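# Working through the structure, step by step
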Amino acid sequence: MQPIHADITRASTPEPAFYTDPALLLAEETAVFARSWQFVGHASQLARPGDYFTTTLGREPLVFVNDDGVLRGFFNVCRHRAGTVAVGCGRTKRLVCRYHGWAYDLSGRLRTAPEMEGAQDFDKADIKLAPVAVHQFGPLLFAALDPTTPSFDDFYPDLSARCAPLGLERMQHFMTRDFHVASNWKIYVENFLEGYHIPAVHPALNRELDYRAYVTELGKRHVLQYAPVQAGTASLYRDGAGDGSAYYFWLHPNVMLNIYEGLLQTNVVIPDGVDRC
Ligand code: FES
């Protein structure tokens, strides 16, 4: 596969296999998705002690809990014979496996294991659910599957400072929608990473934004694109509190934060095979 040229004036389109090779998607699961911070949910889902929700990252089932104010994540896999310890979402004091009834507390420690008293070399204190790292960024929850992944703030060292003036922590969840797109996930991401298509594809947006002032800034593992709203335009994005500018953040590898005054739209691009997301 052709390397990507560092000089953008020599850029060329990647080979088709970059978007169509199923083996590459498998490699991306471990090399890209497992080793990065992945969006998993909204902080309101874990607002109260005992709140939990389940989800999947790739093929990994996960459960997230509020353990007396500490947000934790675990593989949703019992340490006995891999049963499921939580289903759906709700409030609980214990994560109880539905196969043979082993029960874990919200710190992941095994508390009860029916009929295991006589088992040799078996000590409940040695057994814990396998953890995954969790990080709250504004109203958004992220997790990292691979324990060698740098902390969120090391992974995106300049992101928090850049977002600080935008007041993300004030945002509350309004709605979630799923879109099924017949495209390799990287095509979707690449489309987000260029404003070149705006005049042709989004003429209404183009009338509001000052396209000539469109800016792309590269950060560590993230990109910020922004454009001021044209002077004198009755902007969809203006709420009277600011200048109405639009900010488009991309967080490596698959999260986009579209931020307008008072509004945050989070896009998460999840591969569903090599040709769908
Ligand atoms: Fe969980 Fe047996 S698999 S208790």
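Keep in mind it's a predicted model, so treat the numbers as computed, not measured.

Attention now moves to the packing of aromatic side chains. Using the criterion set out here, one finds twelve aromatic pairs in the structure. Relative to tryptophan 185, the ring of phenylalanine 33 has its centre 4.8 Å away and its plane inclined at 65°; by these criteria the two rings are edge-to-face. Note that phenylalanine 33 is positioned in helix H2 (residues 22–33) and tryptophan 185 in helix H5 (residues 185–192), a separation of 152 residues in sequence. Side by side, phenylalanine 33 and tryptophan 185 carry an identical accessibility label, which is buried. Taken together, Trp37, Phe39, Phe137, Phe142, Phe152, Phe155 and Tyr156 form an aromatic cluster joined through their ring pairs. Positioned above the aromatic ring of phenylalanine 18, the side-chain terminus of lysine 186 is 4.6 Å from the ring centre. One Lys or Arg, arginine 221, reaches over the ring of phenylalanine 155 and ends 4.1 Å from the middle of that ring.

Attention now moves to the sheet that holds strand E15 (residues 263–268). Hydrogen bonds between backbone groups are what pair the strands of a sheet, and the pairing can be parallel or antiparallel. Read across the open sheet, the five strands follow the order E11-E12-E13-E14-E15; overall the sheet is antiparallel. Lying at the two open borders of the sheet, with one neighbouring strand each, are strand E11 (215–219) and E15. Within this sheet the neighbouring strands show an average axis-to-axis angle of 15°, counted without direction. The pairing of strand E14 (residues 255–260) with E15 spans six bridges and is classified as antiparallel. When the bridges of E15 are listed, isoleucine 259 appears paired with leucine 264.

A cis amide bond links histidine 252 with the next residue in sequence, proline 253, at an omega value of 0°. Secondary-structure assignment places proline 253 in the loop between strand E13 (246–251) and E14. Of note, the phi angle at glutamate 115 is positive, near 65°, even though the residue is not glycine. Of note, glutamate 115 is situated in the loop between strand E8 (110–112) and strand E9 (131–137).

Let's shift gears to the sheet that holds strand E7 (residues 103–105). Pairing within the open sheet is antiparallel, and its three strands lie in the order E6-E7-E8. Two strands in the sheet have a free side with no partner beyond their single neighbour: strand E6 (94–96) and E8. Across the sheet, the mean angle separating the axes of adjacent strands is 40° when strand polarity is ignored. Sheet topology note: the E6/E7 ladder contains three bridges and is antiparallel. If you follow leucine 95 over to E7, its bridge partner there is tyrosine 104.

A separate point is H2. Buried within H2 we find Leu25, Glu28, Val32 and Phe33. Viewed end-on, H2 has its buried residues packed into an arc of 65°, placing them on one side of the element. Pointing more than 90 degrees away from the buried face of H2 are the exposed residues Thr30 and Ala31. Where H2 begins, the capping side chain belongs to aspartate 21, and its oxygen is found 2.9 Å from the backbone nitrogen of alanine 23.

Unoccupied space between atoms shows up once a probe the size of one water molecule is rolled over them. Empty space within the second largest pocket amounts to approximately 1,000 Å³. Considering the residues around the second largest pocket, the lining is formed by 27 residues, among which Ile4, Pro14, Phe18, Glu190 and Leu193 are closest to the centre. Counting residues per element, the ones that place at least two in the lining of the second largest pocket are H2, H5 and E11. Element by element, the count of residues in the lining of the second largest pocket is highest for H5, at four residues. Looking at side-chain class alone, the lining of the second largest pocket contains 15 nonpolar, six polar and six charged residues.

Scoring rules and cut-offs
- Residues numbered from 1 in each chain as written.
- Predicted model: local features only at pLDDT ≥ 70, side-chain atom pairs only at ≥ 80, totals over all residues.
- Heavy atoms only, no water.
- Phe/Tyr/Trp six-rings, centres within 6.5 Å; stacked < 30°, edge-to-face > 60°.
- Helix = DSSP H or I, 4+ residues; strand = E, 2+ residues; numbered from the N terminus.
- Buried < 20%, exposed > 50% of the residue type's maximum accessible area, 1.4 Å probe, protein only.
- Lys NZ or Arg CZ within 6 Å of the ring centre and 35° of its normal.
- Pairing = 2+ DSSP bridges.
- Axes fitted to C-alpha atoms, helices over the stretch in contact; angles between N-to-C directions.
- Arc of directions from axis to C-beta.
- Polar contact = N/O pair within 3.5 Å; in protein donor to acceptor, adjacent residues only side chain to side chain.
- 1 Å grid on protein atoms, 1.4 Å probe; cavity = no way out; pocket = protein on both sides within 12 Å on 5 of 7 lines; lining within 4 Å.
- Points joined across faces, edges and corners; volume = space filled by probe spheres on them.
- Nonpolar A, V, L, I, M, F, W, Y, C, P; charged D, E, K, R; others polar.

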